[in-house]
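# Fold and contact review
Take a look at the letters that make up each chain.
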Amino acid sequence: MKKYKVGIQSITGCAGCQLTIYFIRDILLDILGVIDLVAAPMIKSKNSDGPYDILFVEGLVANQNDKKKLVEWRKKSKVLIALGACASHGCTPAIKNFIDDKIVHSPYAKTNHLKSVKPTPLTEHVTVDAKIVGCPPNRDEITTILKDVLLGKKIRENPNPVCHECSLKENNCLLELGRECMGPVINGGCEALCPSVNHSCTGCRGPIPDANIQSYFDLLLEKGISVELAKERLNKYAGLAFEKLIDTPESREHHDEAHCCYDMHGIKDKHLGE
Amino acid sequence: MAKKKTLKQSKKITLNHLCKVEGHGALDLKIVNGKVKVCRLNAIEGARYFEGLVRDRLYDEINEITSRICGICSVAHNMTCLKAIERAMDVPVSEQTQILRELLSIAERVRSHATHLYFLALPDYLGFESAIAMAAKYKTEVNRALQLMKVGNVMAETIGGREMHPVTCIVGGFTKVPDKDEKKMLLDNLKEALPQAIKTAELFSKIEYPAFERECEHMALYQDKKISLLEGTIVSDWGHSSPQENYNDYVTERLEPYATSKFATKQGKEYMVGALSRLNTNLDALSPTAKKILLKGKHAIPSQNPFINNYAQALELVHWIERAILLLSENDFIFEGLPEVNVKAGHGIAVTEAPRGLLFHEYEFDREGRVIRANIITPTAQNLSNMEQDIKGYVEFLLAQQKMSNDKLVLEIEKLIRSYDPCFSCSTHFLKVNWV
């Protein structure tokens, strides 16, 4: 059987998502046995520039070089998979998009050479065939998606929020206990990892496609949890995605009705509280 | 005997993407008549500005954000950040929390060292391009690597909730602690892994490292009778000794126009951090089993040879697995409830030993508990200048002995860079933010 040419490449990021692949337990060598890993600079010296049948790309576009590489890789890949939260949603480096320019620009005084660009996920620059969300992604999800692609199956996206998986596990609901939790609006597929260890969901898998942010805020209000703080937290892993979700005609209408500001720029923003 | 004729080679080498390291590094080298005229080691990733990203954010999510600086040492960033926050706000921490943090850090150390030793360093010495290519002939070694990585990862997941970017560790304590069954499982795993760690140390004791030495200062945290992990004073093998809080007096950082990383030096002079520095400054504290391997092996520590850092990591594997077995055997864990934090303004500094060496986190908070200022110095930012000097010295050392093809020379340079276990993800993104 012809082995598919697979690559694992990265642009600006923390290398954690690639490591999650190399940390796959018990079956790593079996997986590597059925594919032809032609490029994986983190663990290989000899790396092909393409073409690739399947290419995993970790990280986000944070400079011109990242963008150039990504566009090249897209041209050379049949299936391009965004690996992890940076690639899918921008993750923490994209918080930069929501901070006052004065703070962000202060380091540039001495560092014009950096040629920094707006830190953005892959989807802002190229079409991706699949996203494996999460910071870091779930290793079982990586193997499932890889298997699906190898078998020519349609890639399945998880349709449920974290809350769904949390209730299946019969966890105590943290919101019911008056604690912050983003479970209602965040993509599941993590088996409610954080609430299962008594920690709030902080949103590393990004919003579900039809997340109703207003009803999430209403719920927080009902439980006596700070909505202001919850708004601030939205930009931690997927600020750009939440921004898009919020900026729809419906939400704008709702926004006017509720006199509620969904501004993502944090509490220091002058619009807040107006 | 006729005097050996010195070979004078000139060449220009540009490595655009160093492989088998964490993150993206590049090297520019210009050699004229066997002398290195230009040696620039740079991180080529985009800047991520973590110190700027955390500004104005609430204290309770800072460790979660700074964890994202690095996948392979996310525990180290978490622990250091938490300790700095706790110092800033005088948050008391129980003995159990300290023990669990040490265990979580050991878990990361084991998987980090195992990954580096077998996947990034060993293929060079066995003549393979990767551990995967090595697997057919060296199946036992590759399986051993995978077992050690798994032991570390299962331990990190059991204690931290997730193998990377842990979630249970929060300001003041833990949201969940391992129960009796989990503790037993970890102990069984570690006891099974110990012989594999010993074999790893023996393997790295037999490797022929290049006979290159260059005197430099080795800095590490120091505690009496204990290899430091999360506590200690900063010492060096050149007699330096100072408390953690004074690091700003002598650690200075500079930017180079060619790199996105900061270069940290000690008053302008390069120094080395990491496993070799830890052992060079505190060899007595090494566990008896690891010491026995060191005495039997052919390489000596303390050492001025940077390649010996690989060996020091392998010895640490044995040391830390033994330490974890001891800690788990002696302790049971009971959930102490969620910690309460009296939020207040303050300033806190914490220095720890990450797998790759000294890690500094410093924060200033306002009375609401929001970050006013942050400063983070990673191990690789400290090692970069020393690596440049070592590359320069090693290239001249090699070219003085023999004529070398570019390919061979590049491999030797890469071997040297990898021996430091650099993390370019960590080293970048730490531009000094001039707070306005």
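Values in this document were obtained by computation on a predicted structure and should not be read as measured data. (Residues numbered from 1 in each chain as written. Chains lettered and ligands numbered in written order. Predicted model: local features only at pLDDT ≥ 70, side-chain atom pairs only at ≥ 80, totals over all residues. Heavy atoms only, no water.)

### Concerning the nonpolar core
To be explicit about the condition: Nonpolar cores are built from buried Ala, Val, Leu, Ile, Met, Phe, Trp, Tyr and Cys residues. Side-chain atoms within 4.5 Å join them into one set. Only protein chains enter the accessibility calculation, which uses a 1.4 Å probe. A residue is then buried if its area is under 20% of the maximum for its type, exposed if over 50%, and partly exposed in between. Strands are runs of DSSP state E lasting at least two residues, helices are runs of H or I lasting at least four, and both sets are numbered from the N terminus onward. Residue contacts follow a heavy-atom distance rule, with two residues in contact if any of their heavy atoms lie within 4.5 Å.
Phe 56 of chain A together with Leu 103 and Ile 391 of chain B are the most contacted members of the largest nonpolar core, which has 163 residues in total. In terms of residue count, the dominant contributor to this core is helix 4 (residues 95-126) of chain B (14 residues). Contact partners of Phe 56 of chain A, with chain neighbours within four places excluded, come to Val 6, Gly 7, Ile 8, Gln 9, Ile 21, Ile 81, Leu 83, Ile 132 and Leu 146 of chain A. Grouped together as the second largest cluster of nonpolar side chains are 25 residues, Val 162, Met 182, Ala 230 and Ile 246 of chain A included.

### Looking at the interface of chain A and chain B
Accessible area lost during the coming together of the parts is what is often quoted as the interface size. For the record, the criterion: A 1.4 Å probe defines the accessible area here, and the buried area is the portion of it lost by two parts on being joined, summed over both. One speaks of a salt bridge when a side-chain nitrogen belonging to Lys or Arg is within 4 Å of a carboxyl oxygen belonging to Asp or Glu. Think of a polar contact as two N or O atoms within 3.5 Å of one another; within protein, one of them needs to be a possible hydrogen donor and the other a possible acceptor, and neighboring residues in sequence only count if both atoms come from side chains. In this count, Pro and Cys sit with the nonpolar residues alongside Ala, Val, Leu, Ile, Met, Phe, Trp and Tyr, while Asp, Glu, Lys and Arg are called charged and the others, Gly among them, polar.
Taken residue by residue, the interface counts 63 residues in chain A and 72 residues in chain B. Surface buried jointly by chain A and chain B totals about 5,600 Å² across both partners, of which 61% is contributed by carbon and sulfur atoms. At the junction of chain A with chain B, the criterion picks out 11 salt bridges. Summed over the shared surface of chain A and chain B, the result is 25 residue pairs in polar contact (both at pLDDT 80 or more). Looking at the side of chain A that touches chain B, the element that brings in the most residues is helix 1 (residues 16-22) of chain A, giving four residues. Tallied by class, residues from the side of chain A that touches chain B come to 31 nonpolar, 17 polar and 15 charged.

### Points about the sheet that holds strand 14 (residues 357-365) of chain B
All names here are of chain B. For clarity, the threshold we go by: Two strands pair under a simple rule: DSSP has to find at least two bridges between them. Only C-alpha atoms enter the line fits that serve as axes; for helices the fit covers just the stretch in contact. Angles between N-to-C directions range over 0 to 180 degrees.
Strand order in the open sheet formed by three strands is 13-14-15, and the pairing between neighbours is antiparallel. With partners counted over all chains shown, the strands left at the sheet margins are strand 13 (346-354) and strand 15 (371-377), one partner each. Each neighbouring strand pair of the sheet contributes to a mean axis angle of 10 degrees, computed without reference to strand direction. Pairing analysis gives six bridges linking strand 14 to strand 15, with the strands arranged antiparallel. For Glu 364, the partnering residue across the bridge sits in strand 15 and is Arg 373. Of the strands in this sheet, strand 13, strand 14 and strand 15 are in contact with helix 3 (residues 74-89), which crosses strand 13 at around 150 degrees.

### Comments concerning the environment of Lys 83 of chain B
All names here are of chain B. Topologically, Lys 83 is positioned in helix 3. For Lys 83, a relative accessible area of 11% corresponds to the buried category. Taking C-alpha positions, Lys 83 is 18 Å from Asn 248, a pair spaced 165 residues apart along the chain. With residues near it in sequence (within four places) discarded, Lys 83 still touches Arg 101, Leu 230, Glu 231, Ala 350 and Thr 352.

### Looking at the environment of Arg 370 of chain B
Summarising the element assignment, Arg 370 of chain B is placed in the loop between strand 14 and strand 15. Of note is the side chain of Arg 370 of chain B, whose polar atom sits 2.8 Å from the side chain of Glu 232 of chain A. Side chain to side chain, Arg 370 of chain B and Glu 368 of chain B meet in a polar contact 3.3 Å long.

### So, the confidence of the model for chain A
To keep it simple, the criterion reads: Known as pLDDT, the predictor's confidence for each residue is given on a scale from 0 to 100.
Scored by pLDDT, chain A comes out at a mean of 87, with 84% of its residues at no less than 70. Of the regions scoring below 50 in pLDDT, residues 254-274 of chain A engages in 34 contacts with residues more than four places distant in sequence or in other chains.

### Structural notes on the sheet that holds strand 2 (residues 35-39) of chain A
All names here are of chain A. If you walk across this open sheet you meet the five strands as 2-1-3-5-7, and the pairing is parallel. Each edge of the open sheet is held by one strand with a lone partner, namely strand 2 and strand 7 (130-132). Averaged over neighbouring strand pairs, the angle between their axes works out to 25 degrees when direction is ignored. With six bridges joining them, strand 3 (residues 52-58) and strand 5 (residues 77-83) adopt parallel strand pairing. Note on strand 5: the bridge partner recorded for Glu 58 is Leu 83. Seen against the sheet, helix 3 (residues 64-76) touches strand 1 (4-10), strand 3 and strand 5 and runs at an angle of roughly 135 degrees to strand 5.

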